[in-house]
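A structural walkthrough
Here is how the chains run, residue by residue.
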Amino acid sequence: MDRYKFEDSISAYIDNELTLTERQEFEDYIEKNPDAKSLLEDIVNNMGLIKGLPKVKASSSFMSKLLEKVEFEKNKPSVKVINKPSNTFFGFTPLYASIMSVLIVSFITVGYTLWSENMNRPNQLPNFNGNITANPNIDSPNNNINNDQKFVSTTIDSADTTNNKRTKVNLDGKVNFVKKQR
Amino acid sequence: MMNQLSQNSYMRPLTMDKQLVYTDEELIKRFQDDDEQAYVELVNRYRDRLMNFVYRFVNDYEQSEDIAQETLIKLYTHKHYYKNIAKFSTWIYTIAANLAKSELRKKKTRKVTNLSQMSTEEREYELPAVQPDTDQSIESEFIQKRIQAAIQKLPLHFRTVTILRDIQELSYEEISKIVDVPLGTVKSRINRARIQLQKELKDLR
């Protein structure tokens, strides 16, 4: 047994809660260590002094004061919740209703603006004046693409290259070669 | 109720059938069924015990009375909170301990000196009238004050268990329920508290 185990076992020894073996160990330890024995004796002595402290009693006016408080508790008016008529708009206070309205209108406005922009985007392609002889299968009256025309959906999948015929583009006179500049 | 709870009536133990003395649990059950005489009997049984416990905890007589009364008021107003799964004493000591700890916490934040502590007036303070010798009575009063001061120096969690065990003489199991810690922790705290008290009271040998 070491000092820590001894100190941890003091109350159990006093309360007679140690096993026979533990008790023997404890008693052997205090025999060999006079300071440990002194500590045990002090603790037992203090427990006796504490137990012998005079019992503090209530004063003679304790009961009458208590009864007064009990009567007060009995007769205390219960807290009544008075429902004041409130100025609310569908259950919301005016300020709250205003703020919510502004937020809702803002969301609707911003949402509509963004949606409109999204819808109008196809009309905003850059200007293009050249003629492109594109896939002749495209179902368009003159195969010209210009700004004024809107894209129309076709029944043909432009990604489908199986039926595409390569057409030669005649660039004669249209391409000016720039001389090397030294 | 004032007629029922007269100064004389509270002195008599509740013996409805003249042969039986009700247990605390039976009394609280009767009180829950609106028998206010049962409340009076419980007050009679516990007021001094509560006073003793709270005084050793807060070391202020007037404050101890207030806390003890508040505990008994809570018993009156919250009687239905008691369920018969634990002892009545466990329940009421738990209320008193919580109120005492709250008061000590408030005291710490307030840092107010109680004028009654500064007063030299004698207060009503009932002590056993065993005082054989003047010198001995002075010495015993000195020892009592030293012990009380040493208890006050203990941390709250040590102080509670020491008072409940060594002064109120409750069992470890009951103390464990009151302070809501495991049994092993209660025993460990009591052990440590006793060692700390020994250091404080070394010169009292």
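As a reminder, the structure under discussion sits directly above these lines.
Residues numbered from 1 in each chain as written. Chains lettered and ligands numbered in written order. Predicted model: local features only at pLDDT ≥ 70, side-chain atom pairs only at ≥ 80, totals over all residues. Heavy atoms only, no water.

Along the backbone of chain A there are five helices and zero strands. In sequence order, chain A lays out its α and β elements as α-α-α-α-α. The proportion of buried residues among the 182 residues of chain A is 18%. Looking at chain A alone, contacts between residues at least 24 apart form 41% of all its contacts between residues at least 6 apart. Accessible surface, chain A as shown: approximately 15400 Å² in total, 56% of it carbon and sulfur. (Helix = DSSP H or I, 4+ residues; strand = E, 2+ residues; numbered from the N terminus. Buried < 20%, exposed > 50% of the residue type's maximum accessible area, 1.4 Å probe, protein only. Contact = heavy atoms within 4.5 Å. Areas by Shrake-Rupley, 256 points an atom, 1.4 Å probe, with all protein chains shown as cover.)

Across the boundary between the two partners, chain B contributes 49 residues, which contact 37 residues of chain A. Interface of chain B and chain A: buried area, both sides summed, is about 4300 Å²; carbon and sulfur atoms make up 58% of it. Arg165 of chain B is paired through a salt bridge with Asp15 of chain A; the nearest N and O atoms lie 3.6 Å apart. Counting every contact that joins chain B to chain A gives 16 residue pairs in polar contact (both at pLDDT 80 or more). Sorting the residues of the side of chain B that touches chain A by element identifies helix H2 (36-58), helix H3 (61-77), helix H6 (134-153), helix H7 (156-167) and helix H9 (183-200) of chain B as the ones contributing at least two each. For the side of chain B that touches chain A, the element with the highest residue contribution is H2 of chain B, accounting for 10 residues. When grouped by side-chain class, the residues that make up the side of chain B that touches chain A number 26 nonpolar, eight polar and 15 charged. (Buried area = accessible area lost by both parts, 1.4 Å probe. Salt bridge = Lys/Arg side-chain N within 4 Å of Asp/Glu carboxyl O. Polar contact = N/O pair within 3.5 Å; in protein donor to acceptor, adjacent residues only side chain to side chain. Nonpolar A, V, L, I, M, F, W, Y, C, P; charged D, E, K, R; others polar.)

This paragraph deals with the side chain of Ser64 of chain B. Mapping Ser64 of chain B onto the fold places it in helix H3. If near-sequence neighbours (up to four positions away) are discounted, Ser64 of chain B is found in contact with Met51, Val54, Tyr55 and Val58 of chain B.

Right, let's get into the packing of aromatic side chains. This structure, assessed with the given rule, holds 13 aromatic pairs over all chains. Look at Tyr13 of chain A and Phe26 of chain A: their rings are 4.3 Å apart centre to centre, the planes differ by 20°, and that puts the pair in the stacked class. Remark: Phe26 of chain A occurs in helix H2 (residues 20-32) and Tyr13 of chain A occurs in helix H1 (residues 3-14); sequence separation between them is 13 residues. On the basis of relative accessibility, which here comes to 0%, the residue Phe26 of chain A falls in the buried class. Grouping aromatic residues by their ring pairs yields a cluster made of Phe6, Tyr13, Phe26 and Tyr29 of chain A. In this structure, Lys79 of chain B is placed above the aromatic ring of Phe31 of chain B, and the distance from its NZ or CZ to the ring centre is 4.6 Å. One residue, Arg159 of chain B, lies across the ring of Phe57 of chain B, its end atom 5.5 Å from the ring centre. (Phe/Tyr/Trp six-rings, centres within 6.5 Å; stacked < 30°, edge-to-face > 60°. Lys NZ or Arg CZ within 6 Å of the ring centre and 35° of its normal.)

Here the phi dihedral of Asn16 of chain A falls at roughly 60°; this positive angle occurs in a residue that is not glycine. In this structure, Asn16 of chain A sits in the loop between H1 and H2.

One finds Leu66 of chain A together with Tyr39, Leu72, Leu75 and Phe88 of chain B to be the most contacted residues of the largest nonpolar core, which totals 64 residues. The dominant element in this core, judged by the number of residues it contributes, is H2 of chain B, at 12 residues. With sequence-adjacent residues up to four places away left out, Leu72 of chain B is seen in contact with Phe62 and Leu66 of chain A together with Tyr39, Val43, Arg47, Leu50 and Ile92 of chain B. Formed by 14 residues, the second largest nonpolar core is a distinct cluster that contains Phe6, Tyr13, Tyr29 and Ile30 of chain A. (Core = buried A, V, L, I, M, F, W, Y, C linked by side-chain atoms within 4.5 Å.)

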